[in-house]
Amino acid sequence: MFMKRILFICLLAAVGSLSSLHAQDAARPLPAVTLQNLEMGKVSSADFQNDGKPIIVSFWATWCKPCIQELITIQDIYPDWQEETGVKLIAISIDDARNAAKVRPFVEGKAWEYEVYLDVNQDFKRALNVVNVPHTFVLDGKNNVVWEHNSYAPGDEEHLFEIVKAVANGQPLPLH
Amino acid sequence: MNLNPIVAVRGHETPCQALLRCFLPKVEVRSFAWLAIFLMGAGNAFAQADLGQIHGNFQADAQVYRVDSAIGAPDFPENLGSNSYLNLIYTRGDLEAGIRYEAYYPTLQGYTRQMGSGIPYRYARYRHKVVDVTAGTFYEQFGSGMVLRTYEEWGLGFDNSLDGVRLKSNPIAGVYVTGLIGRQRNAFSNKIEDLSPGIVRGADAEWEVNASFPRLDSIKTRVKLGASFVSRYQKDEDPIQILPENVGIYGARLNLLRGGFNLFAEVATKINDPSTVNNLIYKPGNAMLVQASYSQKGLGVSFEFKRIDNMDFRSDRAATFNNLTVNFLPAQTKQHTYRLPTLFPWATQAMGEWALQGEIAYKIKKDTKLGGPYGTTVALNISRINALDKTPTVDPFDGYTTPFMGKMDSVFFQDINLEITRKFSKSFKATLQFLHFNYDQSLFKQLTGFSASENVVADVQVLDMSWKVKGKHNLRWELQHCYTRQEFGSWAMALVEYTFAPKFFVAAFDEYNYGNAEESKRLHYFTGTAGVNLDNYRIQFGYGRQRAGVLCVGGVCRLVPASNGFTLSVSGSF
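Everything quoted here is computed from the prediction, not taken from an experiment.

Caption draft 1: Broad picture of the overall build of chain A. Helix and strand content of chain A: 5 helices and 8 strands. Secondary structure elements of chain A, listed N to C terminal, follow the sequence α-β-β-β-β-α-β-α-β-α-β-β-α. Going through the 176 residues of chain A one by one, you find that 47% of them count as buried. The contacts in chain A between residues at least 6 apart in sequence include a share of 70% that link residues at least 24 apart.

Caption draft 2: Structural view of the overall build of chain B. In terms of helices and strands, chain B carries 4 helices and 32 strands. In chain B, buried positions account for 39% of the 574 residues. Excluding contacts between residues fewer than 6 apart, the proportion of contacts in chain B whose partners are at least 24 apart in sequence is 54%.

Caption draft 3: Spatial organisation of the nonpolar core. Ranked by size, the top nonpolar core spans 107 residues in total, and within it Trp60(A), Cys67(A), Val138(A), Val164(A) and Leu340(B) carry the most contacts. Discounting residues that sit within four places of it in the chain, Leu340(B) has contacts with Val460(B), Val462(B), Gln480(B), Cys482(B), Trp491(B) and Met493(B).

Caption draft 4: Fine view of unusual backbone geometry. Cis geometry marks the peptide bond from Val133(A) to Pro134(A), where omega comes out at 0 degrees. Relative to the assigned elements, Pro134(A) resides in the loop between α4 (123–127) and β7 (135–139). The omega angle of the peptide bond from Tyr105(B) to Pro106(B) is -15 degrees, so this bond is cis rather than trans. In this structure, Pro106(B) sits in the loop between β3 (95–104) and β4 (116–128). One non-glycine residue, Ala111(A), lies in the positive phi region at around 55 degrees. Position of Ala111(A) relative to the elements: it lies in the loop between α3 (103–109) and β6 (115–118).

Caption draft 5: Structural view of the confidence of the model for chain A. Residues and elements named next belong to chain A. Averaged over all residues, the pLDDT of chain A equals 86, while 85% of them reach at least 70. Per-element confidence in chain A ranges from a low mean pLDDT of 52 for helix α1 (residues 2–21) to a high of 97 for strand β5 (residues 88–93). In this model, residues 19–24 is a region of pLDDT below 50 whose contacts with residues beyond four sequence positions or in other chains number 5 contacts.

Caption draft 6: Representation of helix α5 (residues 156–168) of chain A in the model. Residues and elements named next belong to chain A. The terminal C-alpha atoms of α5 lie 19 Å apart, and with 13 residues this matches the ideal 18 Å at 1.5 Å per residue to within 8%. Those residues of α5 not exposed but buried are Asp 156, Glu 157, Leu 160, Ile 163, Val 164 and Val 167. With its buried residues spanning 115 degrees around the axis, α5 presents them on a single face. On its buried face, α5 sits against β4 (55–60), α2 (65–85), β7 and β8 (144–150). A positive phi of about 70 degrees marks Gly 170, the residue just after α5.

Caption draft 7: Region of interest: the sheet that holds β4(A). Residue and element names in this part refer to chain A. Read across the open sheet, the 8 strands follow the order β1-β8-β7-β4-β5-β6-β2-β3; overall the sheet is mixed. Both outer strands of the open sheet, β1 (28–29) and β3 (42–44), are each paired with one neighbouring strand and no more. The pairing of strand β2 (residues 34–37) with β6 spans 2 bridges and is classified as antiparallel. Looking across to β6, one finds that Gln 36 is bridged to Leu 118. Lying on the sheet, α2 is in contact with β4 and β5; it crosses β4 at an angle near 150 degrees. Contacts between α5 and the sheet are confined to β4, β7 and β8, with β7 contributing the most and set at about 20 degrees to the helix.

Caption draft 8: Fine view of α2(A). Residue and element names in this part refer to chain A. In α2, a bend of some 60 degrees at Ile 77 exceeds every other bend along the element, and Pro 79, a proline, comes one to four places later. Along α2, the positions that sit buried rather than exposed are Lys 65, Pro 66, Cys 67, Ile 68, Gln 69, Glu 70, Leu 71, Ile 74 and Trp 81. In the segment just after α2, Gly 86 is the residue with positive phi, at about 70 degrees.

Caption draft 9: Highlighting the pairing of strand β11 (residues 175–184) of chain B. Residues and elements named next belong to chain B. In terms of strand pairing, strand β10 (residues 162–169) meets β11 through 8 bridges, oriented antiparallel. Following the sheet pairing, Leu 167 is matched in β11 by Gly 179. The hairpin formed by β10 and β11 contains 5 residues between the paired strands, and Gly 174 there has a positive phi angle of roughly 90 degrees. Direction of pairing for β11 relative to strand β12 (residues 199–208): antiparallel, over a ladder of 8 bridges. What sits directly across from Gly 179, in β12, is Ala 203.

Caption draft 10: Structural context of the environment of Lys283(B). Residues and elements named next belong to chain B. Within the element layout of this structure, Lys 283 appears in the loop between β15 (261–270) and β16 (285–296). For Lys 283, a count of 19 C-beta atoms within 10 Å translates into the label partly exposed. C-alpha of Lys 283 to C-alpha of Asp 238: the two residues are 45 residues apart in sequence and 18 Å apart in space. Excluding anything up to four places from it in sequence, Lys 283 contacts Asn 272, Asn 310, Asp 398, Gly 399 and Tyr 400.

Caption draft 11: Spotlight on the environment of Leu280(B). All names here are of chain B. Relative to the assigned elements, Leu 280 resides in the loop between β15 and β16. You can call Leu 280 partly exposed: it has 17 C-beta atoms within 10 Å. For the pair Leu 280 and Glu 454, spaced 174 residues apart in the sequence, the C-alpha separation amounts to 30 Å. Not counting the four nearest positions on each side in its chain, Leu 280 is found in contact with Gln 241, Pro 274 and Ser 275.

Caption draft 12: Representation of the pairing of strand β25 (residues 473–484) of chain B within the structure. All names here are of chain B. Summarising the sheet, strand β24 (residues 456–470) and β25 pair through 12 bridges and their orientation is antiparallel. Of the residues in β25, the one forming a bridge with Ser 466 is Arg 476. Sheet topology places β25 next to strand β26 (residues 491–500); 10 bridges connect them, and they run antiparallel. Bridge pairing in β26 places Leu 479 opposite Ala 494. The turn linking β25 back onto β26 is made up of 6 residues, and Glu 487 within it adopts a positive phi angle of 50 degrees.

Caption draft 13: Just the confidence of the model for chain B, in detail. Residues and elements named next belong to chain B. Per-residue confidence for chain B gives a mean pLDDT of 85, with 86% of residues at or over 70. This model gives residues 1–9 a pLDDT under 50, and the stretch forms 10 contacts once residues within four places in sequence are excluded. Between residues 43–48, whose pLDDT stays under 50, and residues either more than four places distant or in other chains, the model counts 3 contacts.

Caption draft 14: Summary view of the environment of Val130(B). All names here are of chain B. If you trace the backbone, Val 130 turns up in the loop between β4 and β5 (131–138). Residue Val 130 is classed as exposed on the basis of its 11 C-beta neighbours within 10 Å. Expressed as a C-alpha distance, the spacing of Val 130 and Pro 171, which sit 41 residues apart in the sequence, is 5.6 Å. Once residues lying within four places of it in the same chain are set aside, the contact partners of Val 130 are Ser 169, Asn 170 and Pro 171.

Thresholds, definitions, all that
Residues numbered from 1 in each chain as written. Chains lettered and ligands numbered in written order. Predicted model: local features only at pLDDT ≥ 70, side-chain atom pairs only at ≥ 80, totals over all residues. Helix = DSSP H or I, 4+ residues; strand = E, 2+ residues; numbered from the N terminus. Buried ≥ 20, exposed ≤ 12 C-beta atoms within 10 Å, placed from the backbone. Contact = placed C-beta atoms within 7 Å. Core = buried A, V, L, I, M, F, W, Y, C linked by C-beta atoms within 7 Å. pLDDT = per-residue confidence, 0-100. Expected span 1.5 Å × (residues − 1). Arc of directions from axis to C-beta. Pairing = 2+ DSSP bridges. Axes fitted to C-alpha atoms, helices over the stretch in contact; angles between N-to-C directions. Bend = angle between axes of the 7 residues up to and from the residue.

As structure tokens, this is what we get:
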């Protein structure tokens with residue numbers, strides 16, 4: 001019995017040391033998950049690219065008011081952001097089969113200019129450990145997650161842009 | 001290596017399993033040790049640069065219950081309920097593994113009662129070129145889900161994951177195949193051995209025609225075809241009737257796209273499947289879904305038609321409510337985000353209904369008289385769900401016959417709603433909604449206790465205004481009203497929310513059932529809530545009485561159960 005406990009503790013220690021061995025500050029590469037674009041084609045998140053410039057990945061749903069608020073607010077200033085940093089915003093809809101077919105008319109009806117993908121069974125949401133929507137990630141030029149934020153309050157987009165500018169210029173990320 | 005002198009190997013197990021069983025008698029601990037051994041093995045790659053990464057997320061919701069006889073809240077002897085989970089994912093190159101630990105001591109009110117903790121979800125996945133294999137617990141969807149969909153929704157307490165093996169492959173460009181076999185997780189059960197009695201196995205193939213032929217890849221018309229088959233095996237233990245042990249469901253789908261036009265159609269049939277839900281009839285089931293849309297910049301139009309007849313399909317023919325469903329038949333109604341419109345939710349009647357839904361969304365251009373300085377978006381949605389016209393058959397075991405179209409006048413549910421959103425200035429914007437509901441409440445009789453003498457007719461208005469006070473301070477308030485003479489009567493709701501971006505928010509809201517026929521039931525559902533949002537973490541606490549439903553407060557939308565008392569919710573990702 002005692003030996004069994006010792007062995008188990010050794011196993012836990014191995015897990016613990018393994019977690020601390022990997023560089024804690026290493027950026028997280030974007031997981032490769034199959035998504036659907038609005039033209040019904042399959043796209044892998046591993047193929048997201050923006051010529052080395054930053055990417056914003058924003059999870060949203062047609063029933064999530066704060067998500068829509070965030071994307072409407074950013075749409076108004078998106079051309080300015082693109083001009084200054086070359087950033088691209090990729091909006092991932094977690095709508096399931098109930099609303100997935102309405103995402104394209106919804107997005108066009110609001111005249112959004114983002115790249116929109118459907119995460120129909122929420123595989124991408126689970127792979128990125130998203131709990132609630134909205135959840136927004138900023139990726140550097142190599143598709144590593146360097147910043148994330150859960151929730152949206154009016155005014156958050158200003159800090160989001162500070163982060164994007166810092167990533168575009170290779171500077172350390174500003175704190176709030 | 002002969003382990004027999006050291007460990008008594010039982011007849012049905014391998015030496016490895018025997019060793020593990022001996023060292024770690026508890027199953028949950030064994031699962032964790034399995035992952036630990038795996039990680040330690042992976043750690044042998046210490047000499048190499050990439051050790052992999054561990055990421056995770058967690059959520060803990062706790063509630064202290066006050067006795068509340070006014071809303072008929074049941075007794076809660078423990079006084080405190082909590083639902084929590086911790087999810088970990090390990091990735092290294094082509095390898096991925098994960099576990100989720102869940103704990104209920106006991107579950108919050110409004111969920112299936114459970115007491116205990118364990119690891120109901122654990123898997124390992126390997127992906128390389130054309131191979132993608134998952135062993136353990138997984139979620140999967142075929143097409144629109146009418147044949148198979150396993151998913152989880154923490155806020156609803158729903159998780160019908162499959163425990164088994166799944167193989168996915170993309171052998172040639174444009175062709176995707178999936179095969180799976182397993183048993184389903186049962187409600188909120190924490191024990192791995194406590195799975196569904198039936199075995200589920202399925203296969204799905206999808207073909208993106210344009211991707212397979214280089215000449216077609218650049219043409220405007222895009223075609224996608226799909227087919228799926230799922231079968232459930234469950235032993236027949238009925239002493240009287242002969243029940244089919246293998247029940248299969250077949251599906252085919254088509255997706256056509258050209259420019260702004262999109263058409264999706266899926267049909268499915270199920271062979272005879274006598275079950276508790278359909279009262280043990282042998283009638284086959286069928287479902288049909290057609291979705292068409294047209295989109296261009298500033299305009300989106302969509303139309304849907306759905307018909308379902310006896311399509312309830314589970315991994316246990318005796319299961320009811322939300323337990324052990326294998327397929328997904330969503331309600332063809334608009335999913336509402338404001339509180340009072342969610343007073344009338346619709347759940348698909350798997351036993352039979354047909355539905356129509358149309359929606360048009362339009363953005364009135366900015367700098368026009370009607371559009372204002374920033375533009376105005378308008379959305380109109382109409383959904384109507386009708387009963388099928390059923391005629392019972394002479395032989396009761398055949399169930400009934402029904403023509404393709406039901407009667408237009410037997411309305412199950414109707415929802416007509418209009419939404420107008422406008423930004424008036426840099427600091428002020430508003431949304432206005434008008435909704436009209438009409439539904440047959442006898443379908444929910446067991447839940448509400450109301451008789452079917454008349455349909456519920458309700459008119460709801462919502463006004464949501466947001467004012468940027470200065471810099472990062474924002475004040476938002478909502479006024480909602482629901483007028484109805486049926487069910488519980490009219491409601492009024494007000495909400496005030498103050499946010500100091502990005503971190504702090506405080507809100508208070510009250511739903512008042514002022515129109516209730518019984519004066520003693522004219523209650524206020526008042527809640528005060530506040531919270532902190534750090535980039536990766538969120539803490540929210542509240543006090544008061546709250547109705548179940550979607551709640552969009554403090555910058556996120558969550559599904560919440562009914563509650564009275566102090567609530568605390570902590571969540572984060574790392």
